[in-house]
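Structural features, examined
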Amino acid sequence: MFEDRDVRKQFLSAPPTIASAIAAVMEPLIAVLCLAVLHRVCGLTVSGVAMAMMLLTLVLLFPGVNRFNRRGVGVLIDISLNWARCVVILGVVGYVTGGLDMMDRRLLLYWVLATPILQASAVWVGHQIVVWHSASPQARRPVVIVGAGPIALRLVQAMRRRPDLSYDLLCIFDDRTPDRLSLPDDVALRGPLSELPAFIDKHGVKDVFVTLPLTSQPRILNLMQMLQNTTASLYYVPDVFGVTVIQGRLEDMGGLPVVGLHLTPFSGINGLLKRASDLVLAALILVLISPVLLAVAIGVKLSSPGPVLFKQRRTGLDGEIIEVYKFRSMLSMDNGAVVKQATRDDPRITKFGAFIRKTSLDELPQFVNVLQGRMSIVGPRPHAVAHNEQYRKIVRAYMARHKVKPGITGWAQVNGLRGETDTVDKMARRVEFDLEYLRNWSLGLDLLIIARTAKLMFFDRSAY
C-alpha cells in the first residue's frame, strides 16, 4: 500500500480555512433563506417554482467568495455585481420557462433588493470577527523569512496587506551584511543562517519562509536539513516571477511537487463550463440576430463586387491554424505571408464596410466559428498568421495568449485596445490585457465583457 515511502503522500492540497469554508456557503444560503423568509412574511406558500429558483440560486452562487479579509465600498460593489449576474440568469431562465409569471412580483423585488444588503452585512460581521480573532495573542504566529531578496520584500508586503493571517514577522535572516541589502527600516536583519535553529527555539518561531533564489539550491538543501530538527513549519517560496505566470498552481504527481507556470484556465470542469456557455449563448445569439445577418449580407453584396464572407487564416488554440469568418468590408482580401492592418481612412474599406467595422457587425459570422469549436465568444482576439510570426519575436509572452481559443471579443478590446496596433507598444498592451484575462477568468468576467462589448458597438469612437 505504501511501497514508495519516499514520495507517497508528501504533497497534499492545503485544506480550506474555516473562514473560506463558511464563506463558500454563506452568501448562497443567505439568498435562499431570504427568499424563504419573504414567502413567510408575505403569507405565501413556497411553490415548486420557488423551490426550483432556490436550487438554481444555490448552484449559481456556490461556492461563495471569501471576502472576510476585505472592507469598504468595494465589497458591496463586488457583492452587488455578483448578485446582479445571478439575477440576470434567473430572469432569463424564468422568462423562457414561464416561471416568472407564477411568482409574486412584489416579493421578487424585495428579494432582489434585500439579498445583497444582507450578504454585505454578513461579510462585515465576518470581517469584524476575523479582525478580533487575528488580534488575539493566541492567534499570533511569530515568523521568520530566510533570504533578503526581492521575493522576501514581496512577502513582507503581502503579510502587511493581510493582517488576518496573524503573522508577526520577527526578522529576516541572511548571510549578507546590511550594506549589501535594501530592507525597510522597520524590518530587522539577523544572521548568519547557522544561528537560525537556535533563534527558532529561543523565540518560539512557528513558521519559516525560505525565499532564497533557485541558484542557491545547495544552500537551500542544507538549510532544510538543518531546520528539520526544529518545531517550526517550513515554507519554500520559489522565485518564479521572472517569467509570466498564467494560472500557476502546485500539483501532486505521485508525491512529487509539480509547479505549473503556463496553464490554461479551461481545464477540467472550467473547460466544460466554458464550452457549454459558448454553445448556449452562440446558438441563442445567432437565432436573435438572424435578421441582422441577412441585412448585412445583402448590404455587403450590393456595396461592392466580391463574396459576402471573408475567410482569413488565424492562429487558434495551441497555435493551430484556423479559418475565421467575417463579413467582407474591404475591396481586397489579404490572407498571405504579409497582411496589412486596416488603418484610419483606409482606401480598401468600402463605405458600407466602414459602417459594419465601426459597429462590429462584420464580426457576427464568427458565432458560427464558436459553434464549430474553433473560437469562443470571449477570449484574446485572433491575429493573422503573418502578424503572429512578426510579434512573437518582439513581444514578451505573446504566444501565451494561445493557451485558449481566440474570442469574438476580449478583455483588451473592452479596455480601449481595439483596432489597429501600429506600434509594438500597442500590441504589448493588448497582450498584457489578454494575459490578465487568462489569469483571472470566470464566467462572471465573460458576461461583463459581453455587456461592455454590446455598449461599444454603438458608442466606440476608436473603431474603423
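Scope of this entry: the structure provided in the associated data block.

**Section: the pattern of salt bridges**
This structure, assessed with the given rule, holds 17 salt bridges. The salt bridge involving arginine 162 is made with aspartate 164; its shortest N-O contact spans 2.7 Å. A cluster of three or more residues bridged by salt bridges with shared partners is formed by Glu27, Arg67, Arg70 and Asp78.

**Observations concerning the sheet that holds strand β1 (residues 141–146)**
Across the sheet, five strands lie side by side as β3-β2-β1-β4-β5; this open sheet has parallel pairing. Of all strands in the sheet, those bounded by a partner on one side alone are β3 (189–190) and β5 (233–236). Across the sheet, helix α5 (residues 150–161) is in contact with β1, β2 (167–173) and β4 (207–210); its angle to β1 comes to roughly 160 degrees. On top of the sheet, helix α7 (residues 217–227) reaches β1, β4 and β5; it is set at about 165 degrees to β5, its chief contact.

**Some thoughts on a nonpolar patch on the surface**
Together, Val25, Leu29, Leu33, Leu55, Leu58, Val59 and Phe62 give the surface a local cluster of nonpolar side chains, amounting to about 640 Å² of exposed area. Among the elements of the structure, α1 (18–41) and α2 (48–61) are those that each provide at least two residues to the nonpolar patch. With respect to the secondary-structure elements, leucine 29 resides in helix α1.

**Some points on the packing of helix α6 (residues 196–203) against α7**
Contact pair α6 / α7: the axes reach a minimum separation of 9 Å and the direction vectors enclose 35 degrees. Here α6 and α7 pass one another in a crossing that is right-handed. Residue-level contacts link Leu196, Pro197 and Ile200 of α6 to Leu223, Met226 and Leu227 of α7. Tallied by class, the residues present in the contact of α6 with α7 amount to six nonpolar, no polar and no charged.

**Focus: the packing of aromatic side chains**
Using the criterion set out here, one finds seven aromatic pairs in the structure. Ring geometry for tryptophan 83 and tryptophan 111: centres 5.1 Å apart, planes at 85 degrees, overall edge-to-face. Placement of the pair is tryptophan 83 in helix α3 (residues 73–97) and tryptophan 111 in helix α4 (residues 105–135), with a sequence separation of 28 residues. Comparing tryptophan 83 with tryptophan 111 shows no difference in burial state: the two are buried.

**Digging into the nonpolar core**
Ranked by internal contacts, the top residues of the largest apolar core, which has 39 residues, are Phe327, Leu364, Phe367, Trp411, Tyr437 and Ile449. Breaking this core down by element, the ones donating at least two residues are α8 (269–303), β9 (321–327), α10 (366–372), β10 (376–378), α12 (424–439) and α13 (443–459). Among the elements that line this core, the one with the most residues is α8, at seven residues. Look past the residues within four positions of phenylalanine 327 in its chain and what remains in contact with it is Leu293, Val296, Ala297, Val300, Val308, Leu309, Ile356, Leu361, Asp362, Leu364 and Pro365.

**Some details on α1**
Taking 1.5 Å as the rise per residue, α1 with 24 residues should run 34 Å; its terminal C-alpha atoms sit 33 Å apart, in good agreement. Of all the bends found along α1, the most pronounced is centred on methionine 26 and spans about 30 degrees, while proline 28, a proline, follows it within four residues. Of the positions making up α1, those classed as buried are Ala23, Ala24, Met26, Glu27, Pro28, Ile30, Ala31, Val32, Cys34, Leu35, Leu38 and His39. Contacts from the buried residues of α1 go to α2, α3 and α4. Glycine 43 sits one or two residues past α1 and shows a positive phi near 70 degrees.

Cut-offs applied
Residues numbered from 1 in each chain as written. Predicted model: local features only at pLDDT ≥ 70, side-chain atom pairs only at ≥ 80, totals over all residues. Heavy atoms only, no water. Salt bridge = Lys/Arg side-chain N within 4 Å of Asp/Glu carboxyl O. Pairing = 2+ DSSP bridges. Helix = DSSP H or I, 4+ residues; strand = E, 2+ residues; numbered from the N terminus. Contact = heavy atoms within 4.5 Å. Axes fitted to C-alpha atoms, helices over the stretch in contact; angles between N-to-C directions. Patch = residues over 30% accessible without salt bridge, like charges linked within 9 Å, V, L, I, M, F, W, Y side chains within 5 Å. Areas by Shrake-Rupley, 256 points an atom, 1.4 Å probe, with all protein chains shown as cover. Left-handed = near helix turned anticlockwise from the far one by under 90°. Nonpolar A, V, L, I, M, F, W, Y, C, P; charged D, E, K, R; others polar. Phe/Tyr/Trp six-rings, centres within 6.5 Å; stacked < 30°, edge-to-face > 60°. Buried < 20%, exposed > 50% of the residue type's maximum accessible area, 1.4 Å probe, protein only. Core = buried A, V, L, I, M, F, W, Y, C linked by side-chain atoms within 4.5 Å. Expected span 1.5 Å × (residues − 1). Bend = angle between axes of the 7 residues up to and from the residue.

These figures come from the coordinates and say nothing about function on their own.
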